Amino acid sequence: MTDPSETSETTDVADAATRASYDTVAAAYERLLRPELDARPLERALLAAFAELVRGPESGPVADLGCGPGRITAHLASLGVDAYGIDLSPGMVAVARERHPHLRFEEGTMAALGRRDGELGGAVAWYSTVHMPPGLLPEVFAEIHRVLAPGGRLLLAYKAGERVRHLDHAYGHPLSLDVYWVPPGEVAGLLGAAGFTVEARMTRRPDAGDGPRAGEQGFVLARKPIAEAGSGSDAPP
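The sections below set out a description of the structure shown in this document. What you see is a predicted model; the values in this text were computed from it and never measured.

**Regarding the overall build of the protein**
- Scanning the protein from terminus to terminus reveals six helices and nine strands.
- Within the span of the protein, comprising 237 residues, buried residues form 48% of the whole.
- Contacts in the protein between residues far apart in sequence, at least 24 positions, make up 68% of those at least 6 positions apart.

**So, helix α6 (residues 184-193)**
- Taken residue by residue, α6 has V187, A188, L190 and L191 as its buried positions. For α6, the arc enclosing every buried residue in end-on projection is 160 degrees, short of the 170-degree limit, so these residues lie on one face.
- If you follow the buried residues of α6, they end up packed against α5 (137-147), β5 (148-160), β8 (197-204) and β9 (216-223).
- Looking one or two residues past α6, G195 carries a phi angle of roughly 110 degrees, positive in sign.

**Some thoughts on empty space enclosed by the protein**
- In the structure shown here, the tally under the stated rule is two cavities of 30 Å³ or more.
- Approximately 80 Å³ is the volume attributed to the largest cavity.
- Taken together, T129, V130, M132, L137, F141, L156, Y158, K159, Y180, V182 and V187 make up the full set of residues lining the largest cavity.
- Going through the elements one at a time, α5 and β5 are the ones with two or more residues in the lining of the largest cavity.
- Examining the composition of the lining of the largest cavity, we find that three residues originate from one element, β5, more than from any other.
- Of the residues in the lining of the largest cavity, the class split is nine nonpolar, one polar and one charged.

**Some words on the nonpolar core**
- L47, F50, I72, L76, V81, V124 and W126 are the most contacted members of the largest nonpolar core, which has 30 residues in total.
- Those elements giving two or more residues to this core turn out to be α1 (4-33), α2 (41-54), α3 (71-78), α4 (90-99), β4 (120-126), β5, β7 (173-181) and β9.
- By residue number, the principal contributor to this core is α1, which donates five residues.
- When residues no more than four places from it in sequence are discounted, the contact partners of L47 are L37, I72, H75, L76, L79, W126 and L155.
- The next biggest cluster of nonpolar side chains, apart from the first, holds 29 residues, and it includes L65, V140, Y158 and V220.

**Examining the packing of α2 against α3**
- One way to put it is that α2 packs onto α3 with a least axis distance of 10 Å and a crossing angle of 55 degrees. Judged by the inter-axis angle, α2 sits oblique to α3. Along this stretch, α2 crosses α3, giving a crossing that reads as right-handed. For the pair α2 and α3, contact is made by R44, L47 and F50 and by I72, H75 and L76, respectively.

**As for the packing of aromatic side chains**
- As enumerated under the stated definition, the model contains three aromatic pairs in all.
- Geometrically, the ring pair formed by W126 and Y127 is edge-to-face, given 6.0 Å between the ring centres and 80 degrees between the ring planes. In this pair, the class of W126 matches that of Y127, namely buried.
- Ring geometry for Y127 and F219: centres 6.4 Å apart, planes at 75 degrees, overall edge-to-face.

**Quick look at the sheet that holds β4**
- On the basis of which strands lie adjacent, the open sheet formed by seven strands has the order β3-β2-β1-β4-β5-β9-β8 and mixed pairing. In the strand order of this sheet, the two ends are held by β3 (105-107) and β8, each with one partner. Averaged over all neighbouring strand pairs, the angle between strand axes comes to 15 degrees, with direction disregarded.
- As paired elements, strand β1 (residues 62-65) and β4 share three bridges and run parallel to each other. The residue bridging A63 from the neighbouring strand is A123, located in β4.
- Set on the sheet, α3 makes contact with β1, β2 (83-87), β3 and β4; between it and β2 the angle comes to about 170 degrees.

**What to know about the layout of surface pockets**
- Size it by volume and the second largest pocket reaches roughly 190 Å³.
- Of all the elements in the fold, those that place two or more residues in the lining of the second largest pocket are α1 and α3.
- Split by residue class, the lining of the second largest pocket holds four nonpolar, two polar and seven charged.

Rules behind the numbers
- Residues numbered from 1 in each chain as written.
- Predicted model: local features only at pLDDT ≥ 70, side-chain atom pairs only at ≥ 80, totals over all residues.
- Heavy atoms only, no water.
- Helix = DSSP H or I, 4+ residues; strand = E, 2+ residues; numbered from the N terminus.
- Buried < 20%, exposed > 50% of the residue type's maximum accessible area, 1.4 Å probe, protein only.
- Contact = heavy atoms within 4.5 Å.
- Arc of directions from axis to C-beta.
- 1 Å grid on protein atoms, 1.4 Å probe; cavity = no way out; pocket = protein on both sides within 12 Å on 5 of 7 lines; lining within 4 Å.
- Points joined across faces, edges and corners; volume = space filled by probe spheres on them.
- Nonpolar A, V, L, I, M, F, W, Y, C, P; charged D, E, K, R; others polar.
- Core = buried A, V, L, I, M, F, W, Y, C linked by side-chain atoms within 4.5 Å.
- Axes fitted to C-alpha atoms, helices over the stretch in contact; angles between N-to-C directions.
- Parallel < 35°, antiparallel > 145°, perpendicular 65-115°, else oblique.
- Left-handed = near helix turned anticlockwise from the far one by under 90°.
- Phe/Tyr/Trp six-rings, centres within 6.5 Å; stacked < 30°, edge-to-face > 60°.
- Pairing = 2+ DSSP bridges.

In structure tokens:
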């Protein structure tokens, strides 16, 4: 059995490396990725479907986890979602607040979201788990499940595969980051173990905009059941 203190220490190390790297590249990252969704109709369609599922007068707020400079947060807000952003990097949060002053952004970690149980109507993790060793994903998925309301959805975008790539230079700056590709079946299994029902899975092949070493891109839509296992079904009679 894994010692929780060891998991926490590993999470802290991973968070520190990610925070330092993205503080360094925050402004350049925002400039380079600002127009990226314009060329990605498939991703826009996924975000639009997610927005339709989570918006509404009785829905809770939707968290963009690992929001970076806030481009996905702002896109969701443009679709009528009550969205706000959370990111490890103070530099990214500062850029997000400057670019989108009408939206809310805060510093935080996906392993400890600081929200009440069932407070959120939805969550997006748009490539924000790619720097986490797969062994840390159960802790993160469990925390997201905790803060979602029954019936709340998670939209996850990730690198689909089984490899690790180290980056020592990106976005015009030196940095130190590991990028993890995780098999789609493993991602779905971990979400199920955390209590989610996986509603849809998709992978797409890399295109010219992804770069020559990008690999396949994975997407999952998952839902927190309205009735927990053993207490009845959330399906209509």
